[in-house]
Amino acid sequence: MVGLVRDVLVASPAVSPQATGGEVYEHFSDDPNLIVLPVVEGTQPVGLVTRDQFFVRMANRHGRALYERRPITFAMNKNPLVVETRTPLSELNSQILRDSPAALMEGFIATRNGDYAGVGTTLELFRFIAQESADKNHRLSALAEQLGRARLEALAASKAKSDFLATMSHEIRTPLNGVLGVTQLLQATSLDAEQAEFVRVIDDSGKILLRLLNDILDLSKIEAGKMELEVTPFRPSTLVRDAQTLWSGQAREKGIAFSIEADCDEDAQYEGDPVRIKQLLFNLISNGIKFTQSGSVAVRMQFLPLGRRRNVMRVEVVDTGCGIPDTALRELFSAFKQADVATNRLHGGTGLGLAICRRLAELMGGSVDVTSRPGEGSKFWFDIPLKSVTTAPQTVSAATCNTAPATVLPACNILVAEDNPTNQAVARGFLKLRGLSADFVENGQAAIDAVKLRDYSLILMDMEMPVMDGLAASQTIRSLGSPSGRIPIVALTANAVGQAERRCIDAGMDDFITKPIVRADLDRILDKYLLRGASTAAVSNQAPQGHATRRLA
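First, a word on what this report is: a plain description of the structure on this page. (Residues numbered from 1 in each chain as written. Predicted model: local features only at pLDDT ≥ 70, side-chain atom pairs only at ≥ 80, totals over all residues. Heavy atoms only, no water.)

1. Describing the overall build of the protein chain
Line of reasoning, step 1. Each helix and strand counted, the protein chain has 17 helices and 18 strands in total.
Line of reasoning, step 2. Roughly 30,000 Å² of accessible area belongs to the protein chain as shown, and the carbon and sulfur atoms make up 53% of that amount. (Helix = DSSP H or I, 4+ residues; strand = E, 2+ residues; numbered from the N terminus. Areas by Shrake-Rupley, 256 points an atom, 1.4 Å probe, with all protein chains shown as cover.)

2. Comments concerning the nonpolar core
Line of reasoning, step 1. Ranked by internal contacts, the top residues of the largest apolar core, which has 46 residues, are Leu281 and Ile285.
Line of reasoning, step 2. The greatest single-element share of this core, amounting to 7 residues, is contributed by helix H9 (residues 274–290).
Line of reasoning, step 3. Apart from residues no more than four positions distant in its own chain, Leu281 is found in contact with Leu239, Val299, Met301, Val315, Val317 and Phe382.
Line of reasoning, step 4. Grouped together as the second largest cluster of nonpolar side chains are 24 residues, Leu415, Met468, Ile487 and Phe512 included. (Core = buried A, V, L, I, M, F, W, Y, C linked by side-chain atoms within 4.5 Å. Buried < 20%, exposed > 50% of the residue type's maximum accessible area, 1.4 Å probe, protein only. Contact = heavy atoms within 4.5 Å.)

3. Comments concerning the packing of helix H7 (residues 193–223) against helix H12 (residues 353–363)
Line of reasoning, step 1. Between H7 and H12, whose axes approach to 10 Å, the crossing angle comes to 40°. The angle between H7 and H12 falls in the class oblique. In terms of crossing hand, the pair formed by H7 and H12 is left-handed. Here H7 contributes Asp215, Asp218, Leu219, Ile222 and Glu223 to the contact with H12, which in turn contributes Ile356, Arg359 and Leu360.
Line of reasoning, step 2. In terms of residue class, the contact of H7 with H12 is built from 4 nonpolar, no polar and 4 charged. (Axes fitted to C-alpha atoms, helices over the stretch in contact; angles between N-to-C directions. Parallel < 35°, antiparallel > 145°, perpendicular 65-115°, else oblique. Left-handed = near helix turned anticlockwise from the far one by under 90°. Nonpolar A, V, L, I, M, F, W, Y, C, P; charged D, E, K, R; others polar.)

4. Details of a nonpolar patch on the surface
Line of reasoning, step 1. Taken together, the side chains of Leu97, Leu104, Met105, Phe126 and Ile129 present a nonpolar region at the surface, about 540 Å² in accessible area.
Line of reasoning, step 2. Where the nonpolar patch is concerned, the elements lending two or more residues are helix H5 (103–106) and helix H6 (122–187).
Line of reasoning, step 3. Relative to the elements of secondary structure, Met105 occurs in helix H5. (Patch = residues over 30% accessible without salt bridge, like charges linked within 9 Å, V, L, I, M, F, W, Y side chains within 5 Å. Salt bridge = Lys/Arg side-chain N within 4 Å of Asp/Glu carboxyl O.)

5. Quick word on the sheet that holds strand E18 (residues 511–514)
Line of reasoning, step 1. Spatial strand order, E15-E14-E16-E17-E18: 5 strands in an open sheet with parallel pairing. Edge strands, defined here as strands with exactly one partner in the open sheet, are strand E15 (439–441) and E18. Averaged over all adjacent pairs, the angle separating strand axes in this sheet is 20°, with direction ignored.
Line of reasoning, step 2. Note: strand E14 (residues 414–417) against E15, 3 bridges, orientation parallel. Bridge pairing links Ala417 to Val441 in E15.
Line of reasoning, step 3. Relative to E15, helix H13 (residues 421–433) is tilted by about 165°, and along the sheet it contacts E14 and E15.
Line of reasoning, step 4. In the packing of helix H15 (residues 470–479) onto the sheet, the strands contacted are strand E16 (458–461) and strand E17 (489–493), and the crossing angle to E16 comes to about 155°. (Pairing = 2+ DSSP bridges.)

6. Quick notes on the pairing of strand E10 (residues 296–307)
Line of reasoning, step 1. Bridge count between strand E8 (residues 257–262) and E10: 6 bridges; the pairing is parallel. Within the sheet, the bridge partner assigned to Ala262 lies in E10 and is Met301.
Line of reasoning, step 2. Adjacent in sequence and paired antiparallel, E10 and strand E11 (residues 310–319) are bridged by 2 residues, among which Arg308 carries a positive phi angle near 55°.

7. Observations regarding the pattern of salt bridges
Line of reasoning, step 1. Considering all chains together, one arrives at 17 salt bridges under this definition.
Line of reasoning, step 2. Across the pair Glu145 and Arg149 runs a salt bridge whose closest N-O atoms are separated by 3.2 Å. One end of the pair, Glu145, and the other, Arg149, are both in helix H6, 4 residues apart, so they sit about a helical turn from each other.
Line of reasoning, step 3. Residue class for Arg149 comes out partly exposed when judged on its relative accessible area of 44%.
Line of reasoning, step 4. The salt bridge involving Asp439 is made with Arg454; its shortest N-O contact spans 2.8 Å.

8. A few points about the side chain of Asp203
Line of reasoning, step 1. Assignment of secondary structure puts Asp203 in helix H7.
Line of reasoning, step 2. For Asp203, a relative accessible area of 6% corresponds to the buried category.
Line of reasoning, step 3. Setting aside its immediate chain neighbours within four residues, Asp203 contacts Leu180, Thr183 and Gln187.

9. Re the environment of Trp247
Line of reasoning, step 1. Along the polypeptide, Trp247 turns up in helix H8 (residues 236–254).
Line of reasoning, step 2. On the basis of relative accessibility, which here comes to 9%, the residue Trp247 falls in the buried class.
Line of reasoning, step 3. Once residues within four sequence positions are removed from consideration, Trp247 is found in contact with Phe258, Phe282, Ile285, Ser286 and Ile289.

10. Some words on a negative patch on the surface
Line of reasoning, step 1. Residues Glu23, Glu26, Asp30 and Asp31 make up a contiguous surface patch of negative charge.
Line of reasoning, step 2. With respect to the secondary-structure elements, Asp30 resides in helix H1 (residues 21–30).
Line of reasoning, step 3. Overall, Asp30 belongs to the exposed group, its relative accessible area being 66%. (Lys, Arg positive; Asp, Glu negative; His and termini not counted. Charge placed at Lys NZ, Arg CZ, Asp CG, Glu CD.)

11. Quick notes on the side chain of Glu418
Line of reasoning, step 1. By the secondary structure assignment, Glu418 is in the loop between E14 and H13.
Line of reasoning, step 2. At 2.9 Å, the side chain of Glu418 forms a polar contact with the backbone nitrogen of Asn420. (Polar contact = N/O pair within 3.5 Å; in protein donor to acceptor, adjacent residues only side chain to side chain.)

12. Quick word on the environment of Thr121
Line of reasoning, step 1. Examined against the element boundaries, Thr121 turns out to sit in the loop between strand E6 (115–120) and H6.
Line of reasoning, step 2. For Thr121, a relative accessible area of 7% corresponds to the buried category.
Line of reasoning, step 3. Beyond its immediate sequence surroundings of up to four residues, Thr121 is in contact with Val10, Ile35, Val36, Gly107 and Phe108.
Line of reasoning, step 4. Within the structure, Thr121 has its side chain in polar contact with the backbone nitrogen of Glu124 (distance 3.1 Å).

13. Focus on the pairing of strand E3 (residues 44–50)
Note on strand geometry: in a regular strand, side chains alternate between the two faces of the sheet.
Line of reasoning, step 1. Alignment of strand E2 (residues 36–41) against E3, held across 6 bridges, turns out to be antiparallel. Following the sheet pairing, Val36 is matched in E3 by Thr50.
Line of reasoning, step 2. Linkage of E2 to E3, two consecutive antiparallel strands, is achieved through a turn of 2 residues, within which Gly42 is found at a positive phi near 70°.

In structure tokens form, the structure reads like this:
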């Protein structure tokens, strides 16, 4: 609320110009708090008498004799500051400082439409400002307290949301692990054509559910500011090959052409987050194939130099699909938005993919956009700034390639700590495909007891179990004396939100696999730790006598 002049007026009697000094003296004497006395003729103010100046004059030699019987006009200020009652106090302050500094001591007269309305003093003005400041501080304190409560409520809501997502992720990933795990096991068996088709439908449906779950979690991470980039050197040529391998088959099934080309050398490397760039690229390619019924989807990757080893990676995805109306383009990159209801009914989806694309591009310092003509197709593109890498290209060994044949593993003792019977069955099946068997326990305490009774080459540990969880069990195992305390421990967990991986590493685990378990990921873990363990054991067997050795197998 803005303070006005009328808010600082004081009660003060007015005298006429004919009033004598003696009458004014009586007014001031009768009221010790009376600071100013206005002089008014009819309704018009003509002057102002201040207490201090009046008594100074009266105290002069012969002062009382001179002014007691004379009209007060001889002792008044004939040109006081006069302001309207509707004048804002901020404007009054400026006017005093600019035009009438004397009003700070003498006060001022207020009028209403030119007629006398009252008198104001600097003291009353300061009192009002002080009260207004106190009221403002009180309001600010109340607002700060309210904001504090709102912040705590927001933090509580955010934690509740995070806890809910973590719980739902765990609860959904656990049955998905059963669905996708068993389909992978079935695909490794002899199936006739009809059975293989049934398994493919189950596998595709499970992957759609998994992709939807991952999209929701990714969007939640980005909105919470918890999405972290992992910048490492990568080869765009690898990205191109992966895209060609994954999407050419799906395009062929729809009867459309798919092509991808890049204008960079085979060994060219750049610094960026290859996982998020691939996610961004694959989302756009997936959309292009989904919404194209005939024609083609073409991808072009360019690297535009900016200088000082800085480049812009521009990727264009051009399709000949149904196109997008202009009215839908504005909200196309918003969460849960699609071009229209008919699009959702025909092609499905949640409308999260493009929202995630925009957030990821912005997170990497880039942008994403689209042009489209209904009935002709669309062109999506994104720009990401990258730094070129001048180091020598790294070679990839055949042992680490996904296409490499499964390595024959040595006989090993493996412990699986998992309380869910379905997850136990999936893990048992995957291990059986590699010619391995395992001991199974249902909680962390049982895992600790098993480690004390038998030598193991590898422990696969769930995070959330009854009696004792996997984190506490891993910490306890690490505290055991050598060699039990050095057994590789790999987390098998449905917890894919927050800092789950970091918590596992901090607890002493060596690696991390997210459920639903992908067979290739588990094979990589088995090769990494069991082959290394076998090599260590072989070296130990050749150690000189007198040195303590232990074979894990």
